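Residue-level listing of the chains:
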Amino acid sequence: MIEPYHYTHMSRAGTGVLHEVRREIRQRICSGVWPPGTQLPTRDALAQLFDASPSTIQLAIRGLVEDGSMVTRKRGGAHVAKTPPESCRYALVLGDHVL
């Protein structure tokens, strides 16, 4: 079971929700929770998971398709891209801390 995301510090007004949802999906892709090729849950299930509207989920997925993190298939849902974007392959290291 996928753990629901809990918003803790960011305003849920305006485009803040869209950016939060997109960031959380990207984080789950980059961390391997949703590895390459994985079909994501339905738009309605993601809306419930992230406490967002289905239209916000659709916009978030569209942005992730545009940046290469995901692909969509007609009647096949949204899938994590086979090759993750460059942002998933690098980390910023400062001293003993990885960001």
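Residues numbered from 1 in each chain as written. Predicted model: local features only at pLDDT ≥ 70, side-chain atom pairs only at ≥ 80, totals over all residues. Heavy atoms only, no water.

A. Representation of helix α3 (residues 54-66) in the model. The end-to-end C-alpha distance of α3, which contains 13 residues, comes to 18 Å, matching closely the 18 Å that a straight helix rising 1.5 Å per residue would cover. When we look at burial in α3, the residues that qualify are T56, I57, A60, I61, G63 and L64. Buried residues of α3, seen end-on, are gathered within an arc of 160° and therefore sit on one face of the element. Elements that come into contact with the buried residues of α3 comprise α1 (16-30), α2 (43-50), β1 (70-73) and β2 (77-80). Following α3 by one or two positions, G68 has its phi on the positive side, about 90°. (Helix = DSSP H or I, 4+ residues; strand = E, 2+ residues; numbered from the N terminus. Expected span 1.5 Å × (residues − 1). Buried < 20%, exposed > 50% of the residue type's maximum accessible area, 1.4 Å probe, protein only. Arc of directions from axis to C-beta. Contact = heavy atoms within 4.5 Å.)

B. Looking closely at unusual backbone geometry. You will see that D51, though not glycine, has its phi angle at about 50°, which is positive. Looking at where D51 falls in the secondary structure, it is placed in the loop between α2 and α3. Taking relative accessible area as the criterion, D51 reaches 53% and is therefore assigned exposed. Even without a glycine there, the phi angle at R75 is positive, about 60°. Its location among the elements puts R75 in the loop between β1 and β2.

C. Structural view of the pairing of β2. Here β1 runs beside β2; their pairing, made up of 4 bridges, is antiparallel. The residue bridging T72 from the neighbouring strand is A78, located in β2. Here β1 folds back onto β2 in antiparallel fashion, the turn holding 3 residues, of which R75 has a positive phi close to 60°. (Pairing = 2+ DSSP bridges.)

D. Representation of α1. If you check α1, its first and last C-alpha atoms are 21 Å apart, about what 15 residues at 1.5 Å a residue would give, namely 21 Å. Taken residue by residue, α1 has G16, V17, L18, E20, V21, E24, I25, R28 and I29 as its buried positions. Looking at the buried side of α1, the elements it contacts are α2, α3, β1 and β2. Backbone geometry just downstream of α1 places G32 in the positive-phi region, at approximately 90°.

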